[in-house]
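# Descriptive structure summary
Below, each chain spelled out in residue letters.
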Amino acid sequence: MATVPEPVSAVGPVGQEPAANCCSAFYELDWVRQLAEDIFHPGGAALTRKTVAAMNLAPGATLVELGCGTGTSAMLLAEELGMKVSAIDISAANIERAKIRAGSLGDQIHFERGDAQSLPFEAGNFDGALAECTFSLFSDQASALAEIRRVLKPAGQLAVTDMATGGPLPMDIASVLAPWTCLADAIDQDAYVHRFENAGFSVVEISDESAGLNQMILMLKRKMLLLGLGRAMAGQPIPDFDPGVVRHWLDRFKQEVDRGIIRYLRFQLQA
Ligand SMILES: C[S@@+](CC[C@H](N)C(=O)[O-])C[C@H]1O[C@@H](n2cnc3c(N)ncnc32)[C@H](O)[C@@H]1O
C-alpha cells in the first residue's frame, strides 16, 4: 500500500515546496502536464462554452484570457466561436507550450507571457475577459481587477470560474493539498462578491459548478491509470509520482466536495 503524507506536512504530493502563493511550478511538472494538460479546470470545455455563452458577446468579439495555462480554452474560443483571443499566463513554459499546441490556429490567438496584475494591453481593448481557475492565485486581486477593468471596453464582461470554500478547510487539506490545487487562497462566495463589487463590477449571475470537480477527479483517476500503465509497459516509471498517494488525495478532495466545503463557482460580471 502507498505511503500517505502526514496531514501536518506542508509538503505537496510530489515532495516539493510549491512556489509561494502560486501553483504555476506544479503545473509545469512533466507528469502533471501529462495527467492534466487538457483538464486544468473543473467543468472542462463544457463549462468554458457555458461561461462564454453567458457573456453574450457578438461574433468576432475580442476577449482576453487571464492565466491561460497551455491554451486549451483560448484554442476553443478561437476555433469554435471565431473570437479574437489574447491569452496571457505568468508561466513562460506554459506560453511556449500553448504556442506549440495551437499550431496554425496560433495565428488567430495572441499568446504572451504576462501577469494579470499588470496587463500588457492598451486601455479599452476587449469586449470580454475570462479567468478560469486562476483568479484565486493572483496575489493582488484588487490590482488584477483594476487592470481587467482598464483593458475592458465600457460595460465589458468579465467571467470568473474558480475554487471557493463553503466552510473552513480541514487541516490535512489546508496544509497539504491547498497549495497545489488553487485552494490556498480560495474564499467563500460572499467574499468573492465583495471583492468584485469593491472593484466596480456588478454581479450578473452566479452558479455552483461543483459537479465539475467530481468529474475532474474521475477523469484524473482514469488518466492516471492509463499513464501509469503506459509508462510501466514502456519501462519508464514516472519520477516523483506515487499513484497511491495521488489517489488518496483525490479521494480526500472528493469527500470535501461532497460535504460542500470545496466548491467551484461561476461568476458573470459586468464592468
Ligand atoms: C489551474 S491553471 C488554469 C489554466 C487555464 N486557465 C485552464 O483552465 O486550463 C492556473 C494558471 O494560472 C496561471 N497564473 C497564476 N498566477 C498568474 C498571474 N498572476 N498572472 C497570469 N497567470 C497566472 C498559472 O501559471 C497557471 O497556468
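Within any chain, residue numbers begin from 1 and follow the written order of that chain's sequence. Confidence filtering applies because this is a predicted model: local features only for residues at pLDDT of at least 70, side-chain atom pairs given and counted only at 80 or more, and all residues used for totals across whole chains, interfaces and linings. For the side-chain quantities, the full set of heavy atoms in the structure was used; hydrogens and water were omitted.

## Side note on the overall build of the protein
Cut-off, in case you're wondering: Counting from the N terminus, the helices are DSSP H or I runs at least four residues long and the strands are E runs at least two residues long. Only protein chains enter the accessibility calculation, which uses a 1.4 Å probe; a residue whose area is less than 20% of its type maximum is buried, one above 50% is exposed, and one in between is partly exposed. Contacts between residues were defined by any pair of non-hydrogen atoms, one from each residue, lying within 4.5 Å. Per-residue and other accessible areas were derived by the Shrake-Rupley procedure at a 1.4 Å probe size, with only the shown protein chains allowed to occlude residues.
Broken down by element type, the protein carries ten helices and seven strands. Split into buried and exposed, the 271 residues of the protein put 51% on the buried side. Nonlocal contacts in the protein, meaning residues at least 24 apart in sequence, comprise 80% of its contacts between residues at least 6 apart. Put simply, the protein shows about 11,900 Å² of open surface, and 55% of that area lies on carbon and sulfur atoms.

## Let's talk about the environment of serine 86
With respect to the helices, strands and loops of the structure, serine 86 is situated in strand 2 (residues 84-89). C-alpha of serine 86 to C-alpha of isoleucine 109: the two residues are 23 residues apart in sequence and 5.8 Å apart in space. With sequence-adjacent residues up to four places away left out, serine 86 is seen in contact with Leu63, Val64, Glu65, His110, Phe121 and Phe126.

## Observations concerning the pattern of salt bridges
As a working rule, side chains carrying opposite charge can pair if their charged atoms are close by. Short version of the rule: Salt bridges are defined by distance alone: a side-chain nitrogen of Lys or Arg within 4 Å of a carboxyl oxygen of Asp or Glu.
Tallied over the full model, the rule gives 13 salt bridges. A salt bridge links arginine 266 to glutamate 209; the nearest nitrogen and oxygen atoms lie 3.3 Å apart. With arginine 266 in strand 7 (residues 262-270) and glutamate 209 in the loop between strand 6 (202-208) and helix 9 (211-233), the pair connects residues that are 57 residues apart, well separated along the chain. Residue classification places arginine 266 among the buried positions, given a relative accessible area of 2%.

## What about the pairing of strand 7?
Test applied: When DSSP locates at least two bridges between a pair of strands, those strands are taken to pair.
With eight of its nine residues buried, strand 7 lies for the most part within the structure. Pairing of strand 5 (residues 152-165) with strand 7, which is carried by nine bridges, proceeds in the antiparallel orientation. Paired with leucine 158 across the strands is leucine 269, a residue of strand 7. With six bridges connecting them, strand 6 and strand 7 associate as antiparallel partners. Its bridge partner being in strand 7, valine 203 is matched across the sheet by leucine 269.

## Things to note about the packing of helix 3 (residues 44-53) against helix 4 (residues 72-81)
Worth spelling out the cut-off: Helix axes are fitted to C-alpha atoms over the stretch in contact, other axes to C-alpha atoms as well, and angles between N-to-C directions run from 0 to 180 degrees. Any angle between 65 and 115 degrees counts as roughly perpendicular, while under 35 counts as roughly parallel, over 145 as roughly antiparallel, and the rest as oblique. Here a crossing is called left-handed whenever its near helix is offset anticlockwise from the far helix by less than a right angle, and right-handed whenever the offset is clockwise. Throughout this entry, Asp, Glu, Lys and Arg are counted as charged residues, while Ala, Val, Leu, Ile, Met, Phe, Trp, Tyr, Cys and Pro are counted as nonpolar. The remaining residues, Gly among them, count as polar.
Where helix 3 contacts helix 4, the axes come no closer than 11 Å and their chain directions differ by 60 degrees. In this view, helix 3 runs oblique relative to helix 4, as classed from their interaxial angle. In this structure, helix 3 meets helix 4 at a crossing whose hand is right-handed. From helix 3, Ala45, Thr48, Arg49 and Val52 reach across to helix 4, where they touch Ser73, Leu76, Leu77, Glu80 and Leu81. Split by residue class, the contact of helix 3 with helix 4 holds five nonpolar, two polar and two charged.

## Details of the pairing of strand 1 (residues 62-66)
Applied cut-off: By convention a crossover is right-handed if, when the strands point away from the viewer, the path from the first strand over the helix to the second runs clockwise.
A large share of strand 1 lies buried, amounting to five of its five residues. Because side chains alternate across strand 1, one face comprises the buried residues Thr62, Val64 and Leu66, and the other comprises Leu63 and Glu65, equally buried. The parallel pair strand 1 and strand 2 is bridged by helix 4, and the resulting crossover is right-handed. As defined by bridge partners, strand 1 adjoins strand 4 (residues 126-132) across four bridges and the pair is classed as parallel. By the bridge assignment, leucine 63 is partnered in strand 4 with glycine 128.

## A closer look at the packing of aromatic side chains
In plain terms, the rule: Ring pairs are drawn from Phe, Tyr and Trp, using the six-membered ring of Trp, whenever the two centres fall within 6.5 Å, and their geometry is named by plane angle: stacked under 30 degrees, edge-to-face over 60, tilted for the rest. Note on geometry: a ring has a charge over it if NZ (lysine) or CZ (arginine) is within 6 Å of the ring centre and within 35 degrees of the ring normal.
Tallied over the full model, the rule gives seven aromatic pairs. With a centroid separation of 5.1 Å and an interplanar angle of 85 degrees, the aromatic rings of phenylalanine 121 and phenylalanine 126 are classed as edge-to-face. Neither residue differs from the other here; phenylalanine 121 and phenylalanine 126 are each classed as buried. The side chain of arginine 149 reaches across the aromatic face of phenylalanine 201, ending 5.8 Å from its centre.

## Topic: the nonpolar core
Using the following cut-off: Buried Ala, Val, Leu, Ile, Met, Phe, Trp, Tyr and Cys residues that are joined via side-chain atoms within 4.5 Å together make up what is termed a nonpolar core.
Grouped together as the largest cluster of nonpolar side chains are 28 residues, with contacts concentrated most on Leu66, Ile148, Phe196 and Phe201. Secondary-structure elements contributing two or more residues to this core are strand 1, strand 4, helix 6 (141-151), strand 5, helix 8 (189-198) and strand 7. Dropping the residues within four chain positions of it, phenylalanine 196 is found in contact with Phe135, Leu145, Val160, Phe201, Phe267 and Leu269. Formed by 24 residues, the second largest nonpolar core is a distinct cluster that contains Leu47, Cys182, Ile217 and Leu220.

## Concerning the side chain of serine 175
Operational definition: The term polar contact refers here to a pair of N or O atoms within 3.5 Å; inside protein, the definition further demands a hydrogen-donor-capable atom paired with an acceptor-capable atom, and it admits residues adjacent in sequence only when both atoms are side-chain atoms.
For serine 175, the position within the fold is in helix 7 (residues 171-177). Assessed through its relative accessible area of 19%, serine 175 is described here as buried. At 2.8 Å, the side chain of serine 175 forms a polar contact with the backbone oxygen of methionine 171.

## Some words on helix 10 (residues 243-258)
Spelled out, the test is: Each residue after the first adds 1.5 Å to the expected span of a helix.
Over its 16 residues, helix 10 runs 22 Å from end to end, which matches the ideal 22 Å to within 8%, given 1.5 Å per residue. Taken together, the buried positions of helix 10 are Gly244, Val245, Val246, Trp249, Leu250, Arg252, Phe253, Glu256 and Val257. Directly beyond the C-terminal end of helix 10, a positive phi value near 80 degrees is found at glycine 260.

Geometric values such as these leave the question of function open.
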